[in-house]
Amino acid sequence: MFLNYTRLVLMVVFLLVPSLLFAQAERIEQKLQAKLDALFKQSSIPGVSAAVAMPDGKVISVTAGWADKEAKKKMAADTLQIQGSVGKTYVAAIALQLIHEKKLNLDEKVHTYLCHQQWYSKLPNASDITVRMLMNHTSGIMRYELDPKFIADLTKSPTKEWKPAERLEYVFGKKPKFEAGKGWDYSDTNYIVLGLIIEEMTGKSIEDLIKTRLLEPLGLKQTMSTNRLTIPGLAQGYAGPQNPFGGKELMLNADGSMIVNPQFEWTGGGMASTTADLAMWGKLMYEGKAFDASMLPIMLQGVKAPMLGRDAQYGLGVILRPTPHGKTYGHSGFFPGYMTEMMHWPESKICVAVQVNTSEFQKVKPRLTQWAVELAGVLK
């Protein structure tokens, strides 16, 4: 009799637990949606997608607005958006894997790896920069993609496929921002050089390395490299009438191709995904699942990065920021027509990702980092 009663109780519990967990997840989703809707109403953006990777690995997605205003297509959980500079996190993860495998030395001079390239000596601080300086933006090398001549050349030949050295030509022979290791300045060029080193060391393309070493093993099926003119499932991007990259407000042509080849970003960004995949990526990376966990403290050794906000620091492909809910690890991203924010809270083991399909900063109110913080606050 006692055994039968115990079995009955266990059976009831077994049946109830999934229902209770489902109801709890549904309540959280409703709260996240309400918060996202409130934030969306404060802005004048076309659309937004947000996702939260929970401590147990479950991902909850919410959306608002349009993926394509003209086509009256709503933003959806399976809509892809370009991540911009958040793509550096994948490149950093590959570098950390190679450092752990003793194939790459964090404090080795870069010329050790690239001195055989005829152009290498033309880089600012060429003889003094190290791999670490590339990864934490203390090299003193300026940004190639903001050079007016590069923007003019990109607009003139929007479908061009860029070779790495062609990107670097825009900084050749220029005076560095500061002596190597003696300052901080964010620069995509650092990660272009890092990408060259990685391909030199492995003999493989960075796209293949990201796919085989990260995306496939981690099950990130809705993340891809933006090394092509057409990205299936991509939201229309709204860059504004003053968009210097291509000179048009809409980033997608009628046939779905982009008005400029996003391949130019390469290892300075170079990724697109659903927001759900992005939130899961942040959780996996910042919990040491994308590389050997012993490398996590090394990645999180930050240097002061004042232009990223008060008390912000930059580690090896990661922005470290304090928030009202505790410290965060993450990254921000910009690409014409798209902006991204990814923030992971290590104490609570949640990661929030937010993506909007506009790059007009003034239309996003409050700033995107605050959206992530407020969405995280729903779970507190």
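It should be noted that the structure appears before, not after, this text.
The paragraphs below set out a description of the structure included in this document. (Residues numbered from 1 in each chain as written. Predicted model: local features only at pLDDT ≥ 70, side-chain atom pairs only at ≥ 80, totals over all residues. Heavy atoms only, no water.)

Sheet strands pair via backbone hydrogen bonds, and the direction of the pair is either parallel or antiparallel. Spatially, three strands are ordered S4-S6-S5 in an open sheet, and the strand pairing comes out antiparallel. A strand with exactly one partner marks an edge of an open sheet, and here the two such strands are strand S4 (81-82) and strand S5 (223-225). (Pairing = 2+ DSSP bridges. Helix = DSSP H or I, 4+ residues; strand = E, 2+ residues; numbered from the N terminus.)

So, about helix H2 (residues 88-100). Structural remark: α-helix, 3.6 residues per turn; residues separated by three or four positions point the same way. With 13 residues, H2 should cover 18 Å at 1.5 Å per step; its first-to-last C-alpha distance of 18 Å lies within 8% of that length. Those residues of H2 that fall on the buried side of the exposure criterion are Lys88, Thr89, Tyr90, Val91, Ala92, Ala93, Ile94, Ala95, Leu96, Gln97, Leu98 and Ile99. (Expected span 1.5 Å × (residues − 1). Buried < 20%, exposed > 50% of the residue type's maximum accessible area, 1.4 Å probe, protein only.)

Of note, the bond from Lys365 into Pro366 is cis; its omega dihedral lies within 30 degrees of zero at -10°. Along the chain, the position of Pro366 falls in the loop between strand S12 (350-356) and helix H11 (368-377). The residue Lys72 is not glycine, and still its phi comes out positive at about 55°. With respect to the helices and strands, the residue Lys72 is situated in the loop between strand S2 (59-68) and strand S3 (73-74). Phi at His137 is positive, roughly 65°, even though this residue is not glycine. Along the chain, His137 turns up in the loop between helix H4 (131-135) and helix H5 (148-156). Take His137: its relative accessible area is 0%, and that puts it in the buried class.

Once that is clear, we can look at the pattern of salt bridges. Between side chains of opposite charge, a pair can form when the charged atoms approach closely. Under the criterion given, the structure shown has 15 salt bridges. Glu145 is the salt-bridge partner of Arg143, the closest N and O atoms lying 2.6 Å from each other. The partly exposed category is assigned to Arg143, whose relative accessible area is 29%. Taken together, the shared-partner salt bridges in this structure form one network comprising Glu101, Lys103 and Arg213. (Salt bridge = Lys/Arg side-chain N within 4 Å of Asp/Glu carboxyl O.)

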